[in-house]
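# Understanding the architecture of this molecule
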Amino acid sequence: MEWLLNLASSFPKYELFTNLKTLPKTLSMEDCILSQTLYTYDDYEGKFILKEIKLYSNMIVCEDKFLILSTCTIEKKAIQYGEFQIKGIVLVNQMGYFYIFFETLHQLYDWQRQIKQFCILGNFLQKFTLKERHTIQNVFACIKNKTGKLHTVQIYKLSELEKNPYNYEQLMNEINIMMSIKHPSLLPYNSIFQDQQNMYILYEYWVGDPLFKLIEQGLKLSSIQQSNLIYQILRIVKILHSQQLYHGQITPQSIIMMRSFTQVKQEKDFQLALTNFAYREDIQSAQLIKRLPKQWIPPELYVQPKPHNPALIDQYQIGATLFYIVMHEATFCTTNMFAKTCENMELSYNLIINEQQKKDSKFTLSQIDLLLNLMNPDPKNRKDIQMLLNHHWFVNQQAKMKNHNNNKFLPSLRTILEIREFSSLEIYVRRSEQEPLSIESMLEDETEEDDLDNLDQICDENMQIHKFIQHLNSQALIVKKL
């Protein structure tokens, strides 16, 4: 097998340029999905040799180097010489190529199936049919042509992402998080597709509405629903923080209230998902400030060039969100701009303190106490999230729930969104053919595909992923049409 692979002169030199990066010494790797000794090209020795290769969530590690899979397309590679044949895969991005060849078809199937769920795929518009548009911009229901299964897809124009690389980096950071952490309060990520015009983020089927739109259309949350919502946010934020992952933009625009196929039987039975992750390891305070309404900007951001403790920023913003859902009055406008709905909202620590003295305050004393703990202007005096999860406001509301029999339902609202035009161009990767050695290369998604519906082996929420997400974000990747 090795002698066949090392007819390396049959590979164009540019196709042997590796896209692996040096692995940081501080990176602690856990929860390996696959690990085997396989054939890959060694650029130092200039030939194919056996190396230990490990697959993690969205990441391949080969000795002291790594590759982030969400930057790559995947191709099958077959080498034929007389009666001998070897098969493998190659992972391609704008930085280069990474080959893996296998001794058995079983190995090929196992690795291909696992790697594929993290890579950029193609031919979305041939594999799926777009259906109804959702209330969230550029989000559609779609059907997988092969199985008839319903999915949700969010579509981004590459030309728009190229204009603002920060938005691309933010999007890829959020995709990396969704790939690595499977949780009910994060959108149910499935896979990523790309053609020459658009990027498609495919999810398991969900339908939802931004919280601020529901409130603008007249939604009034009861005290039990308010506590349930804030409690769910605190729980997912605690999990993110335990992995040293942070949001940085927790506003009613970033909270999706999920709809259900069946009626909500109890006030507590609704689900939310956090989106629009803004925080990155290299983000500056000024960049965050530009993205936030003034009421969601903690005071320390104005004096710190770079956020010192992003966990405390999230806590402050959860407090501002609670204040908004209690105080905001619906205007029944059709704006998609959340900042417009709260530009006249007054919010300060002293204002919250003064609410304690008002006889007609919309806040209970327990809510005010929670707000003061979340939004203390001195970040050192903001309480730990675990302490906040045990706050007496949540305890009191849970006690009320046991004796509460009235059913209240979240409304199902829709707004009209313009449909963007889509182009159906295939991803093109150069193919090479040499004699007498025959090397065949095909895009993985052009073959009879494995069923993506079963590619659900995502690492659990305890996966230690923050270090390699941080390292990925430091690579300053360029948006390119593959």
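Let us look at the structure shown here.

The rules behind these values
Residues numbered from 1 in each chain as written. Predicted model: local features only at pLDDT ≥ 70, side-chain atom pairs only at ≥ 80, totals over all residues. Heavy atoms only, no water. Helix = DSSP H or I, 4+ residues; strand = E, 2+ residues; numbered from the N terminus. Buried < 20%, exposed > 50% of the residue type's maximum accessible area, 1.4 Å probe, protein only. Contact = heavy atoms within 4.5 Å. Areas by Shrake-Rupley, 256 points an atom, 1.4 Å probe, with all protein chains shown as cover. Phe/Tyr/Trp six-rings, centres within 6.5 Å; stacked < 30°, edge-to-face > 60°. Axes fitted to C-alpha atoms, helices over the stretch in contact; angles between N-to-C directions. Left-handed = near helix turned anticlockwise from the far one by under 90°. Nonpolar A, V, L, I, M, F, W, Y, C, P; charged D, E, K, R; others polar. Parallel < 35°, antiparallel > 145°, perpendicular 65-115°, else oblique. Polar contact = N/O pair within 3.5 Å; in protein donor to acceptor, adjacent residues only side chain to side chain. Disulfide = S-S within 2.5 Å. Pairing = 2+ DSSP bridges.

All right, on to the overall build of the chain then. Regarding its fold elements, the chain presents 15 helices and 18 strands. Burial analysis of the chain (482 residues in total) assigns 55% to the buried set. Taking contacts inside the chain between residues at least 6 apart in sequence as the whole, the part at least 24 apart equals 71%. Carbon together with sulfur atoms contributes 49% to the accessible area of the chain, which is approximately 22,100 Å² in total.

Turning our eyes to something else, we now look at helix α12 (residues 365-374). Across the 10 residues that make up α12, a large majority, eight, are buried. Listed as buried for α12 are S366, Q367, I368, L370, L371, L372, N373 and L374.

Overall, the coordinates contain 18 aromatic pairs when judged by the stated rule. With 5.4 Å between their ring centres and 70° between their planes, F124 and F193 make a pair best called edge-to-face. Of this pair, F124 sits in helix α3 (residues 124-127) while F193 sits in strand β13 (residues 189-194), and the two are 69 residues apart along the sequence. Each member of the pair, F124 as well as F193, carries the same accessibility label: buried. Overall, F193 belongs to the buried group, its relative accessible area being 0%.

With that out of the way, let us pick up the packing of helix α9 (residues 310-327) against α12. As a packed pair, α9 and α12 sit with axes 8 Å apart at the nearest point and diverge in direction by 145°. For the crossing formed where α9 meets α12, the hand is left-handed. Between α9 and α12, the contacting residues are Q315, Y316, I318, G319, L322, F323 and V326 on the first element and Q367, L370, L371 and L374 on the second. Residues of the contact of α9 with α12, tallied by class, amount to eight nonpolar, three polar and no charged.

Here we take up unusual backbone geometry. Of note in this structure, N58 is not a glycine but carries a positive phi near 65°. Looking at the element boundaries, N58 is found in the loop between β3 (47-56) and β4 (59-62). Despite not being glycine, Q244 has its phi angle at roughly 60°, a positive value. Within the secondary structure, Q244 is located in the loop between α7 (223-242) and β16 (255-258). Overall, Q244 belongs to the partly exposed group, its relative accessible area being 38%.

Running from N to C, α7 and α9 point in directions that differ by 170°, and their axes come no closer than 11 Å. If you check the angle between α7 and α9, you find them roughly antiparallel. Crossing of α7 against α9: the hand is right-handed. Residues Q226, L229, I230, I233, L234, V237 and H241 of α7 touch α9, and the partners they reach there are A311, D314, I318, L322, I325 and V326. Counted by class, the contact of α7 with α9 contains 10 nonpolar, two polar and one charged residues.

Secondary-structure assignment places N176 in helix α5 (residues 165-180). We classify N176 as buried; its relative accessible area is 1%. Here N58 takes part through its side chain, which lies 2.6 Å from a polar atom of the side chain of N176.

Looking now at the state of the cysteines. Applying the stated criterion to the full structure yields zero disulfides. The thiol sulfur of C119 is not disulfide-bonded, and the nearest other cysteine sulfur, from C72, lies at 5.8 Å.

What follows is about the environment of T147. Looking at where T147 falls in the secondary structure, it is placed in the loop between β11 (139-144) and β12 (150-157). Classification of T147 by relative accessible area gives partly exposed; the value is 40%. A polar atom in the side chain of T147 sits 3.2 Å from the backbone nitrogen of K149.

Among the seven residues of strand β8 (residues 96-102), seven are classified as buried, and the element is accordingly described as predominantly covered. Both faces of β8 are covered, namely the face carrying G96, F98, I100 and F102 and the face carrying Y97, Y99 and F101. Pairing analysis gives seven bridges linking strand β7 (residues 84-93) to β8, with the strands arranged antiparallel. Within β8, the residue paired with I89 across the bridge is I100. As consecutive antiparallel partners, β7 and β8 are separated by two residues.

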